[in-house]
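Per-entry structural report
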Amino acid sequence: MSGRCGVLVTGATGNVGRQVVSQLLAARAGGVRALTRDPDTARLPRDVDVRRGDLADSDALTAALDGVDTVFLMWPFHSAEPAAAVVDTLRRHARRVVFLSSGAVRDGVAPQRQPHPVGRSHAAVEQRIERSGLRWTRLRPSTFAANTLWWAGQVRGGDVVEGAYGGVPMALLHEADIAAVAVRALTGDGHAGQTYVLTGPEILTQVEQVHIIGEVLGRPLRWRELPRQAAKARLLADDDFPDSFADTLLDGYAGMLTAPPPVLTSTVEAVTGTPARTYRDWVADHAADFRCAEPVPAARYGSRGR
Ligand SMILES: NC(=O)c1ccc[n+]([C@@H]2O[C@H](COP(=O)([O-])OP(=O)(O)OC[C@H]3O[C@@H](n4cnc5c(N)ncnc54)[C@H](OP(=O)(O)O)[C@@H]3O)[C@@H](O)[C@H]2O)c1
């Protein structure tokens, strides 16, 4: 990467980061560098300069920032403890940061007083960035549609999705829309000091989300309400779900059930010029994840015997 023109994408193998990478490449926005702890399994496009590193490893982060002007920062930790070192390293090597924060952050509330644990850590990182002297933009997205991939195994295995708090209303966001806003802020002017509160275009309960998955797949699906303890046991039994997050998630849902419904924003359209995608759009884009794998025809493997 030559000159100070590149973008470093952290969390580049995640839901949002992978989209940020591909949209930066599509926008031909200069060199794209990606940070991952394991380049061998990262499956990033060939044109990406992939660097190995943990965000908490200052030396690796410093090396990855060489020649970089702008950073997409995704916070993978459950606390803000590494923030002082991470933000200090960014401050010394880059000029601009776009931070993937969270819609759980409440304005005007100190980090330690934020009501939601995710809000506490993200608000603390926001505050560090704000005080760093970096040019910053922060994204505060609502619930990711990608969370519903947690149901993929149940959908592939039957017609029922089990969980708790089926009536919780959510304004699910497509990761491509979060990335589209991020890419505008990473590559354009006029985004410094902006806080973008992002939501999808509609409010849907979990029960309604399951029905939409069924409609897109072309078979009826239904929700079965579980008591909280049973729902927690199900999450803990899921190898893809982080155990330490089970209570945080269920507490969050319990709170959302009694809180006022989410307020929709049109920020995605205001920033990108295109309305936010619906949940139906998202399911269509991810339908393969919910379908049983088709048996691969023998001919696909040909005579090479792979
Ligand atoms: N899910 C939601 O509803 C929601 C809503 C609002 C905000 N958020 C926020 O969005 C973020 C999650 O984004 P996402 O869904 O795109 O991520 P994700 O799919 O969960 O992916 C996690 C990413 O973090 C990277 N990572 C994990 N530990 C790391 C470490 N120690 N050092 C460097 N990289 C590390 C992984 O990279 P490698 O494995 O390749 O290293 C991977 O790219 C979180 O901060 C979350 O609080 C989520």
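Nothing here was measured: the structure is a model prediction, and the numbers come from that model.

So, the overall build of the protein chain
- In terms of helices and strands, the protein chain carries 13 helices and eleven strands.
- For 306 residues, the compact-globule formula gives about 19 Å, and the C-alpha radius of gyration of the protein chain, at 20 Å, lands near that figure.
- Dimensions of the protein chain along its principal axes, counting C-alpha atoms only, are 60 × 55 × 35 Å.
- Looking at the 306 residues of the protein chain, the share that counts as buried comes to 46%.
- In the form shown here, the protein chain has an accessible surface area of approximately 15100 Å², with 49% of it arising from carbon and sulfur atoms.
- The averaged location of the 34 negative side-chain charges in the protein chain is 3 Å from the averaged location of its 35 positive side-chain charges.

With respect to the domain arrangement of the protein chain
- When cut into domains, the protein chain gives domain 1 (6-141) and domain 2 (142-173 + 198-263 + 276-292).
- Between the C-alpha centres of domain 1 and domain 2 there is a distance of 26 Å.
- Contacts between the two partners involve ten residues from domain 1 and, on the opposite side, ten residues from domain 2.
- Note on domain 1 versus domain 2: buried area summed over both sides is about 710 Å², and carbon and sulfur give 73% of it.
- A per-residue breakdown of the area domain 1 buries against domain 2 is headed by Asn15, His78 and Pro141, which together make up 55% of the total.

Examining the site of the ligand
- The immediate surroundings of the ligand are formed by 24 residues, with Thr13, Asn15, Thr36, Arg37 and Trp75 found nearest.
- Within the side chain of Thr36, an N or O atom sits 2.5 Å from an oxygen atom of the ligand.
- Within the contact set of the ligand, a nitrogen atom lies 2.9 Å away from a side-chain nitrogen or oxygen of Asp54.
- For the ligand, the accessible surface in isolation is 930 Å², of which the surrounding protein chains cover 78%.

Some thoughts on the pattern of salt bridges
- The tally for this structure, following the rule as stated, stands at 18 salt bridges.
- Among the ionic pairs, Arg277 bridges to Asp177, the shortest N-O distance being 2.4 Å. Of this pair, Arg277 sits in the loop between α10 (267-272) and α11 (279-285) while Asp177 sits in helix α6 (residues 175-187), and the two are 100 residues apart along the sequence.

Some details on unusual backbone geometry
- Of note, the phi angle at Arg43 is positive, near 50°, even though the residue is not glycine.
- The topology assignment puts Arg43 in the loop between β2 (32-36) and β3 (49-52).
- A positive phi angle is found at Tyr165, which is not glycine, with a value near 60°.
- By secondary structure assignment, the location of Tyr165 is in the loop between β7 (160-163) and β8 (169-170).
- Overall, Tyr165 belongs to the buried group, its relative accessible area being 16%.

Some points on helix α9 (residues 246-258)
- Taking 1.5 Å of rise per residue, the 13 residues of α9 would be expected to cover 18 Å, and the 19 Å separating its terminal C-alpha atoms lies within 8% of that figure.
- Of the positions making up α9, those classed as buried are Ala246, Leu249, Leu250, Gly252 and Tyr253. The arc that holds every buried residue of α9, seen down its axis, measures 155°, which confines them to one face.
- Looking at the packing, one finds that the buried side of α9 touches β8, α7 (206-217) and α8 (228-237).

Focus on the pairing of β7
- Judged by which residues are buried, β7 turns out to be covered on both faces: Val160 and Glu162 on one side and Val161 and Gly163 on the other are all buried.
- Relative to strand β11 (residues 222-225), β7 runs parallel, the two being bridged by four bridges. Considered in β11, the bridge of Val161 is made with Trp223.

About the cut-offs
Residues numbered from 1 in each chain as written. Predicted model: local features only at pLDDT ≥ 70, side-chain atom pairs only at ≥ 80, totals over all residues. Heavy atoms only, no water. Helix = DSSP H or I, 4+ residues; strand = E, 2+ residues; numbered from the N terminus. Rg over C-alpha atoms; globule rule 2.2 N^0.38 Å. Buried < 20%, exposed > 50% of the residue type's maximum accessible area, 1.4 Å probe, protein only. Areas by Shrake-Rupley, 256 points an atom, 1.4 Å probe, with all protein chains shown as cover. Lys, Arg positive; Asp, Glu negative; His and termini not counted. Charge placed at Lys NZ, Arg CZ, Asp CG, Glu CD. Domains from an automatic or database assignment. Contact = heavy atoms within 4.5 Å. Buried area = accessible area lost by both parts, 1.4 Å probe. Near = heavy atom within 4 Å. Polar contact = N/O pair within 3.5 Å; in protein donor to acceptor, adjacent residues only side chain to side chain. Salt bridge = Lys/Arg side-chain N within 4 Å of Asp/Glu carboxyl O. Expected span 1.5 Å × (residues − 1). Arc of directions from axis to C-beta. Pairing = 2+ DSSP bridges.

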